[in-house]
Amino acid sequence: MSASLLSPPLLRGEGLPDFPAITPEQVRQQIPLLLQELNAGLSDLEDGLNLTLGSSEPLGWSQVMDPLQRLGERLRWSWGVVSHLNGVCNSPELREAHRSQQGAVVAFGNRVGQSRSIYHALKRLQEQHRAGSLPLDPTQERILEAELLDMQLRGVALEGEAQAAFNTASEELAELATRFGNHVLDATNGWSLALNSTEEVDGLPESLRQLLAQAARDAGLKAADGSEPSAEKGPWLLGLDMPRAMPFLKYSRRRDLRERLYKAQVSRASSGDLDNSPLIERILTLKREQAARLGYATWAEVSLASKMADSVDAVERLLEDLRAAAYPAAQRELKALAACAERHGAAEAGELKPWDVSFWAEVLRRESFDLHGEALRPWFPLPRVLDGLFALCGRLFAIRIEAADGEAPVWHPDVRFFRVFDAANDKAIAGFYLDPYSRPGSKRGGAWMDDCLGRSRDAAGHPVLPVAYLICNQSPPVGDTPSLMTFEEVETLFHEFGHGLQHMLTTVERPEAAGINHVEWDAVELPSQFMENWCYDRSTLLGMARHWQSGQPLPEAEFAKLLAARTFMGGSATLRQVHFALVDLRLHSAWSPATGLSPEALRRQIATTTTVLPPIPEDSFLCAFSHIFAGGYSAGYYSYKWAEVLSADAFSAFEEVGLENEPEVQSTGRRFRDTVLSLGGSRSPSEVFEAFRGREPSAEALIRHSGLLAA
Ligand SMILES: [Zn+2]
């Protein structure tokens, strides 16, 4: 206790981080100290291993894997805190501190990943195991195999110059990824448009006008008469962040403004100082060279080596199946939008542009389902949605979730902390932070789950409970009104919570394979997308959707419309994902400078069969495709659809027993907890899936849920 109080907060290496105590200054000072210590520890480990490897003595698991795990965990804990804060409390100082240390962190990771002593020690363990002299359980076997593959992919088998070139390229890639992401963030924040007359906000719902007025206040704008911006009178400040841009494209009756916003959005980070185009070519070229050094033909093959999909062809086949089902549906959908515009006498009816699609889709949705996305917000105040989500998890997985605000330091006053208990014995099993609201300028967009603490044991052998970060970007409360969520935001929350459940409900004893660790990328979206399905389940949805003022439940008719609307524009949505996935896959399998095509030109070629409205000339979507250029999804974007096959099929197990059949739903839920959520990365994803489903995955449920069967 006293020791941990004395150590600097960033180096404590265990327990819940003391976020408010961590400063950019400490990052610059303490990360180098930590790396110094870890490098010394690694040298000691290598020396010890070399001695044993040089003799004929057998090696034990605890001589290699345990110390390795401890070294990795120290760095993961400290650097995880820095990366986390960089995502949720970004400032120029922190960003600079993060950037200044990243190279050294990557270099240490490479040193571990390329340590020949460790590699040979792992090989020795594998040989001993194969010879029958070292018994390993299946989890250990999988950890060992995955670590060996990981080391091979990190270039451990490379010699001299090739290895040096590999390391230099890895560091450059990490730096390029950070620059790419920062360019997107800066380009997003760097654009705004002040709207001063009520005509310019024609069609916008009240919540959006409030949000835009709040943004105007935050930016220090004043009305013409010098008064503060208001939702009624403006001025309103439009921006490119999702909570402002998406609804504007959906509701604004000002086609000229939609066009301006759309063009600004799709051309983000594609010119001037923030131009990502040169970075894209450099990243793709470096990755191709890295692949060649590792003995693979393309980066896509490197990516698939550690995934559930076993070849580029297998992925192409899945994407083609979905494309073939989705394309005609998307064409029909576009025609229906044009017909709708025509009925309204809109000038654009003859030639819809991309900035018209969201708008007319919303009009048609309202007409077809009499359902107004914004109008449903009052039924989804965040506190009620959380109650509903927690009750569902209680039913399905026999857990209890309790607010524990104040029991853990947080990085922003909006952040909440919760504890998770096993309902069977009331034992605490996990915890999580929830950071729900958008903070333009300092918080990265999108939603994600990350691990704060993984399930393990501390030095004294006491269990360490897993703790997750759950980050969303929904509209914050305005005045006395709580955060009222769109149905999509509810789905997003359920999605991230699914990731969180796999992290928190793990029963794997070995931290290397606990939670989402070592779960193949293309299977990692199984629990998250699985949870989204429950937003369409009658008792779940009607149980949680209550009007925040009247307390009235969501009318039955509205629920029926939600169900009908689920597959609305489903062909277009599927096609869009296929487009992204195929662009990503081919950029990493078929593109090289020798093709004579720019990456953007290749994307436009792919667009001829994967979009029904071709990209406009200004569209430089690749320049903001952070998933693959700043995140970890390169040659892996297809994973969303791959895992969706798994998640839809998993949910169909509940449909088969009958969603109103409570005892069967509960026992199926327990089985889901005992397989997918518990076993995580300790078994192969196909094995885990079959343990739950009793058979191999089938795409039937996904095609049915997406409404593409009728095609
Ligand atoms: Zn996800």
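Above this note sits the structure.
Throughout what follows, the structure given in this document is the object of discussion. Note that this is a predicted model, so its numbers are computed, not measured.

**A word on the overall build of the chain**
Part 1 of the argument: A tally of regular secondary structure across the chain gives 26 helices and nine strands.
Part 2 of the argument: Seen through its principal axes, the chain has C-alpha atoms that stretch 85 × 60 × 55 Å.
Part 3 of the argument: Evaluated residue by residue, the chain yields a buried proportion of 54% over its 711 residues.
Part 4 of the argument: Across the chain, the fraction of contacts at a sequence separation of at least 24, relative to all contacts at a separation of at least 6, is 73%.
Part 5 of the argument: Taking the 70 positively charged and 95 negatively charged side chains of the chain as two groups, their mean positions are separated by 2 Å.

**Section: the packing of aromatic side chains**
Part 1 of the argument: In total, this model carries 37 aromatic pairs according to the counting rule given.
Part 2 of the argument: Taking 5.1 Å as the distance between ring centres and 85° as the angle between the ring planes, the aromatic pair formed by W534 and F654 counts as edge-to-face. Pair noted here: W534 is in the loop between α17 (526-532) and α18 (538-544) and F654 is in helix α23 (residues 639-657), with a separation of 120 residues, a long-range link.
Part 3 of the argument: Plain terms: the ring middles of F621 and F625 are 4.7 Å apart, the flat faces sit at 40° to each other, and that makes the pair tilted.
Part 4 of the argument: Among the aromatic residues, those joined into a ring-pair cluster are F397, F530, W534, F651, F654, F672 and F692.

**Structural notes on unusual backbone geometry**
Excluding glycine, residues mostly carry a negative phi; peptide bonds, for their part, are mostly trans.
Part 1 of the argument: Residues G234 and P235 are joined by a peptide bond in cis, for which omega reads -5°.
Part 2 of the argument: Relative to the helices and strands, P235 resides in the loop between α8 (206-218) and β2 (236-239).
Part 3 of the argument: Located in the positive-phi region is H518, a residue other than glycine, with phi close to 65°.
Part 4 of the argument: Summarising the element assignment, H518 is placed in the loop between α16 (487-504) and α17.
Part 5 of the argument: In the Ramachandran plot, M569 falls in the positive-phi region, its phi being about 60° despite a non-glycine side chain.
Part 6 of the argument: Mapped onto the fold, M569 is located in the loop between α19 (556-565) and α20 (570-587).
Part 7 of the argument: On the basis of relative accessibility, which here comes to 15%, the residue M569 falls in the buried class.

**Section: the coordination of the zinc ion**
Part 1 of the argument: Every protein donor of the zinc ion is listed here as H495 (NE2), H499 (NE2), E525 (OE) and E525 (OE), and their distances to the metal cover 2.1 to 2.7 Å.
Part 2 of the argument: Taken together, the four donor atoms coordinating the zinc ion span angles of 53 to 138° at the metal, a pattern that classifies the geometry as irregular.
Part 3 of the argument: If you list the donors of the zinc ion from N- to C-terminus, the spacing comes out as H-x3-H-x25-E. Of this pair, H495 and H499 both sit in helix α16, four residues apart, roughly one helical turn. Of the two residues examined, H495 and H499, each falls in the buried class.

**Focus on the side chain of D435**
Part 1 of the argument: For D435, the location among the structural elements is in strand β5 (residues 427-437).
Part 2 of the argument: With a relative accessible area of 0%, D435 lands in the buried category.
Part 3 of the argument: Sequence-distant contacts of D435, defined by excluding residues within four places in its chain, comprise V88, W411, V415, K443, L470, I471 and C472.

**Considering the pattern of salt bridges**
Part 1 of the argument: Under the defined criterion, the tally for this structure stands at 52 salt bridges.
Part 2 of the argument: Salt-bridge contacts for E172 lead to R282; the nearest nitrogen and oxygen are separated by 2.7 Å. Of this pair, E172 sits in helix α7 (residues 160-189) while R282 is found in helix α11 (residues 277-293), placing the two residues 110 residues apart along the sequence.
Part 3 of the argument: Judged by its relative accessible area of 27%, E172 falls in the partly exposed class.
Part 4 of the argument: The partner of E600 in a salt bridge is R604, with the nearest N and O atoms 2.8 Å apart.

**What to know about helix α2 (residues 24-54)**
Part 1 of the argument: Compared with an ideal rise of 1.5 Å per residue, which puts 31 residues at 45 Å, α2 spans 44 Å between its outermost C-alpha atoms and is within 8% of the ideal.
Part 2 of the argument: Roughly 30° is the biggest bend found in α2, and it falls at Q30, with proline P32 one to four residues downstream.
Part 3 of the argument: Residues of α2 that are buried: Q26, V27, Q30, I31, L34, L35, L38, L42, L45, E46, L49 and T52.
Part 4 of the argument: Residues of α2 that are buried sit in contact with α3 (61-88), α4 (92-113) and α5 (116-130).

**Some words on the sheet that holds strand β9 (residues 467-474)**
Part 1 of the argument: Spatial strand order, β3-β4-β5-β9-β6: five strands in an open sheet with mixed pairing. Two strands in the sheet have a free side with no partner beyond their single neighbour: β3 (399-403) and β6 (448-453). Strand-to-strand twist of the sheet, defined as the mean angle between neighbouring strand axes without regard to direction, takes the value 25°.
Part 2 of the argument: Pairing geometry for β5 and β9, over six bridges, is parallel. Residue pairing in the sheet places L434 in a bridge with L470 of β9.

**Structural notes on α4**
Part 1 of the argument: Counted at 1.5 Å a residue, the expected span for α4 with its 22 residues is 32 Å, and the 31 Å between its end C-alpha atoms agrees.
Part 2 of the argument: The largest bend in α4 is about 35°, located at Q102.
Part 3 of the argument: All buried positions along α4 are accounted for by L94, A97, H98, Q101, Q102, V105, F108, G109, N110, V112 and G113.
Part 4 of the argument: Turning to α4, the residues buried within the fold contact α2, α3, α5, α6 (138-153) and α7.

**Re the packing of helix α9 (residues 242-251) against helix α14 (residues 354-369)**
Part 1 of the argument: Between α9 and α14, the shortest axis-to-axis distance is 6 Å and the interhelical angle comes to 65°. The angle between the axes of α9 and α14 places the two elements in the roughly perpendicular class. Note on element contacts: α14 touches α9 through S358, F359, E362 and R366, opposite L249, K250 and Y251.
Part 2 of the argument: A breakdown of the residues in the contact of α9 with α14 according to their chemical character gives three nonpolar, one polar and three charged.

**Notes on the pairing of strand β1 (residues 192-195)**
Part 1 of the argument: With burial as the criterion, only one face of β1 is covered, namely that bearing L193 and L195; the residues S192 and A194 on the opposite face remain uncovered.
Part 2 of the argument: The sheet contact formed by β1 and β2 spans four bridges and is antiparallel. Following the sheet pairing, L193 is matched in β2 by L238.

**Topic: the side chain of S652**
Part 1 of the argument: Looking at the secondary structure, you find S652 in helix α23.
Part 2 of the argument: Judged by relative accessible area, which is 3%, S652 ranks as buried.
Part 3 of the argument: From its side chain, S652 meets the backbone oxygen of D649 in a polar contact 2.6 Å long.
Part 4 of the argument: Reaching out from S652, the side chain makes a polar contact with the side chain of R693 at a distance of 2.9 Å.
Part 5 of the argument: Aside from chain neighbours lying at most four places away, what touches S652 is R693, A701 and R704.

**A word on the packing of α8 against α9**
Part 1 of the argument: The geometry of α8 relative to α9 is characterised by a closest axis approach of 10 Å and an angle of 140° between their N-to-C directions. In terms of their interaxial angle, α8 and α9 are classed as oblique. Of the two possible hands of crossing, α8 and α9 adopt the one that is left-handed. Residue-level contacts link L208, L211, L212 and A215 of α8 to P243, R244, P247 and F248 of α9.
Part 2 of the argument: For the contact of α8 with α9, a count of residues per class yields seven nonpolar, no polar and one charged.

Calculation criteria
Residues numbered from 1 in each chain as written. Predicted model: local features only at pLDDT ≥ 70, side-chain atom pairs only at ≥ 80, totals over all residues. Heavy atoms only, no water. Helix = DSSP H or I, 4+ residues; strand = E, 2+ residues; numbered from the N terminus. Buried < 20%, exposed > 50% of the residue type's maximum accessible area, 1.4 Å probe, protein only. Contact = heavy atoms within 4.5 Å. Lys, Arg positive; Asp, Glu negative; His and termini not counted. Charge placed at Lys NZ, Arg CZ, Asp CG, Glu CD. Phe/Tyr/Trp six-rings, centres within 6.5 Å; stacked < 30°, edge-to-face > 60°. Donors = N, O, S within 2.8 Å, 3.2 Å for Na, K, Ca; no water. Tetrahedral: all angles 85-135°; square planar, octahedral: opposite > 155°, others 65-115°. Salt bridge = Lys/Arg side-chain N within 4 Å of Asp/Glu carboxyl O. Expected span 1.5 Å × (residues − 1). Bend = angle between axes of the 7 residues up to and from the residue. Pairing = 2+ DSSP bridges. Axes fitted to C-alpha atoms, helices over the stretch in contact; angles between N-to-C directions. Parallel < 35°, antiparallel > 145°, perpendicular 65-115°, else oblique. Nonpolar A, V, L, I, M, F, W, Y, C, P; charged D, E, K, R; others polar. Polar contact = N/O pair within 3.5 Å; in protein donor to acceptor, adjacent residues only side chain to side chain. Left-handed = near helix turned anticlockwise from the far one by under 90°.

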